Amino acid sequence: MDIKSALRKGTSILLDNNIKSAKLDSEILMSKVIDKEKKFIILNSHKVISKKNLDNFYLLIQERAKRKPIAYLTKKKFFWKHEFEVNENVLIPRPDTEILIEQILEITKNRNKLRILDIGIGSGSILMSILLERKNFFGTGIDLNKKKLQISTINSHKLRLYNRLKLFKSNIDNFNLGKYDLIVSNPPYIKRYNLKYLDRDISFEPKQALDGGLDGLSEIRKVVCKSSELIKRKGYLVLEIGFDQKNKVTKILQKNGFYIKKVFKDLSNQDRCIVSIKI
């Protein structure tokens, strides 16, 4: 079977399973299987695909038909300006989270040698994107999950950041190392009751990275409380929040000695990022 025919069949299978991006997903999975860029596929659609590659392609198509995210099937996700390794142990970086990067780059544009802490570093996409833009900044990332830290380590070496980045296995309550100019976090903020109503694609992602407790704020409280101890005076705390959490998170921040600089909206015009300053 040639590439074109295989793609047609793969697209048909995904369409039958209500995958809206069926054609694009088929092309991405084909690229992975034959280890070629999309451009090659378009220009060589008449070429015969080996049985081994064809079998692997259909295995991936069946996984995608079950709604397993493309990022987990390809083990990669592009975020900000770089490609990051991901797997089922880490949350998939999302375009909305790039708002945090934009705001952090804005508030640090005239600063040098800042120390940044990322609470719940996951794949490392947030902190590493900042470090790649700010060549003389230093980063520390913590996470409770060893497997997440393994992915962060892979990405730090891939992006040549291991000399400016330290990783620690710790929960936020027990972390007491250093004082920071800026702290960033994308903590779990979905109400536990709502987890079962998430899109099927999201159901493949680690619950630990999504579950914000009964009210969706339990992890945010921990992050804010501990950040008030770890951050320098006039240091910045930048948080990703749920679309309906602005007022409650604002109160938590103010209670812990933070001044709210601004709340920023995501690509869907929903509140998504709070920038605050320790006073």
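All values reported here derive from a predicted model rather than from experimental measurement.

J.: Explain the sheet that holds strand S4 (residues 138–143) to me, and be specific about the residues and the numbers.
T.: Read from one edge of the open sheet, seven strands run S5-S4-S3-S6-S7-S9-S8, paired in mixed fashion. Because the sheet does not close on itself, it has two edges, and the strands there are strand S5 (165–169) and strand S8 (258–265). Going from strand to strand, the sheet's axes swing by 15° on average, the running direction of each strand aside. Taken together, the five bridges between strand S7 (residues 231–240) and strand S9 (residues 271–278) define a ladder with antiparallel strand orientation.

J.: I'd like to hear about the layout of surface pockets, residue by residue, with values.
T.: A volume near 1200 Å³ is recorded for the largest pocket. Lining the largest pocket are 50 residues; nearest its centre among them are Asn186, Pro187, Pro188, Tyr189 and Ala209. Breaking the lining of the largest pocket down by element, the ones donating at least two residues are strand S3 (115–119), helix H7 (125–133), S4 and helix H9 (218–230). A class-by-class count of the residues in the lining of the largest pocket yields 21 nonpolar, 14 polar and 15 charged. There is about 770 Å³ of room inside the second largest pocket. Counted by class, the lining of the second largest pocket contains nine nonpolar, three polar and 13 charged residues.

J.: Which residues make up the pairing of strand S6 (residues 180–185), and what values do they have?
T.: Most of S6 sits inside the fold, with six of its six residues counted as buried. Judged from the four bridges that link them, S3 and S6 form a sheet pairing that is parallel. By the bridge assignment, isoleucine 119 is partnered in S6 with serine 185. Taken together, the five bridges between S6 and S7 define a ladder with parallel strand orientation. Bridging from a neighbouring strand, valine 184 pairs with valine 238 of S7. Once you follow S6 into H9 and on to S7, the crossover reads as right-handed.

J.: Explain helix H4 (residues 51–65) to me, and be specific about the residues and the numbers.
T.: Under the 1.5 Å per step criterion, the end-to-end length of H4 is 21 Å for 15 residues, consistent within 8% with the ideal 21 Å. Those residues of H4 that sit buried are Leu54, Phe57, Tyr58, Leu60, Ile61, Arg64 and Ala65. Viewed along the axis of H4, the buried residues span an arc of 160°, placing them on a single side of the element. Away from its buried face by more than 90 degrees, H4 exposes Lys52 and Leu59. Arginine 67 sits one or two residues past H4 and shows a positive phi near 80°.

J.: Would you mind going over the pattern of salt bridges in detail, with residue names and values included?
T.: Close approach of charged atoms allows side chains with opposite charge to pair. The final tally for this structure, using the stated rule, is 23 salt bridges. Put simply, lysine 158 and glutamate 83 hold a salt bridge, and the shortest N to O gap is 3.6 Å. Residue lysine 158 is found in helix H8 (residues 146–158), and its partner glutamate 83 is found in strand S2 (residues 82–85); the two are separated by 75 residues along the sequence. Residue lysine 232 is joined to aspartate 181 by a salt bridge in which the shortest nitrogen-to-oxygen separation is 3.2 Å.

J.: I'd like a description of the packing of aromatic side chains, backed by residues and values.
T.: By the definition in use, this model includes four aromatic pairs. Centre to centre, the rings of phenylalanine 79 and phenylalanine 84 are 6.4 Å apart; their planes meet at 70°, and the pair counts as edge-to-face. For phenylalanine 84, a relative accessible area of 0% puts it in the buried group. In this arrangement the basic side chain of lysine 9 is found over the ring face of tyrosine 58, its NZ or CZ atom lying 4.8 Å from the centre.

J.: Describe unusual backbone geometry, naming the residues involved and giving the relevant values.
T.: Despite not being glycine, lysine 113 shows a phi value in the positive range, around 50°. As for its placement among the helices and strands, lysine 113 is situated in the loop between helix H6 (98–107) and S3.

J.: Tell me about H6, residues and numbers included.
T.: Taken across its 10 residues, H6 has seven buried, putting it largely inside the fold. Taken together, the buried positions of H6 are occupied by Ile99, Leu100, Ile101, Gln103, Ile104, Leu105 and Ile107. In this fold, the buried residues of H6 make contact with strand S1 (76–79), H7, S6, S7, S8 and S9.

J.: I'd love a proper account of the side chain of asparagine 155, names of residues and values included.
T.: Along the chain, the position of asparagine 155 falls in helix H8. Of note is the side chain of asparagine 155, whose polar atom sits 2.9 Å from the backbone oxygen of serine 123.

J.: Describe the packing of helix H1 (residues 3–16) against H4, and please don't skip the residues or the numbers.
T.: Where H1 meets H4, the closest approach of the two axes is 9 Å, and the angle between their N-to-C directions is 20°. The angle between H1 and H4 places the two elements in the roughly parallel class. For the crossing formed where H1 meets H4, the hand is right-handed. Within the contact between the two elements, H1 uses Ala6, Leu7, Lys9, Gly10, Ile13 and Leu14 and H4 uses Leu54, Phe57, Tyr58, Ile61, Gln62, Arg64 and Ala65.

Conventions adopted
- Residues numbered from 1 in each chain as written.
- Predicted model: local features only at pLDDT ≥ 70, side-chain atom pairs only at ≥ 80, totals over all residues.
- Heavy atoms only, no water.
- Pairing = 2+ DSSP bridges.
- Helix = DSSP H or I, 4+ residues; strand = E, 2+ residues; numbered from the N terminus.
- Axes fitted to C-alpha atoms, helices over the stretch in contact; angles between N-to-C directions.
- 1 Å grid on protein atoms, 1.4 Å probe; cavity = no way out; pocket = protein on both sides within 12 Å on 5 of 7 lines; lining within 4 Å.
- Points joined across faces, edges and corners; volume = space filled by probe spheres on them.
- Nonpolar A, V, L, I, M, F, W, Y, C, P; charged D, E, K, R; others polar.
- Buried < 20%, exposed > 50% of the residue type's maximum accessible area, 1.4 Å probe, protein only.
- Right-handed = clockwise from strand over helix to strand, strands pointing away.
- Expected span 1.5 Å × (residues − 1).
- Arc of directions from axis to C-beta.
- Salt bridge = Lys/Arg side-chain N within 4 Å of Asp/Glu carboxyl O.
- Phe/Tyr/Trp six-rings, centres within 6.5 Å; stacked < 30°, edge-to-face > 60°.
- Lys NZ or Arg CZ within 6 Å of the ring centre and 35° of its normal.
- Contact = heavy atoms within 4.5 Å.
- Polar contact = N/O pair within 3.5 Å; in protein donor to acceptor, adjacent residues only side chain to side chain.
- Parallel < 35°, antiparallel > 145°, perpendicular 65-115°, else oblique.
- Left-handed = near helix turned anticlockwise from the far one by under 90°.

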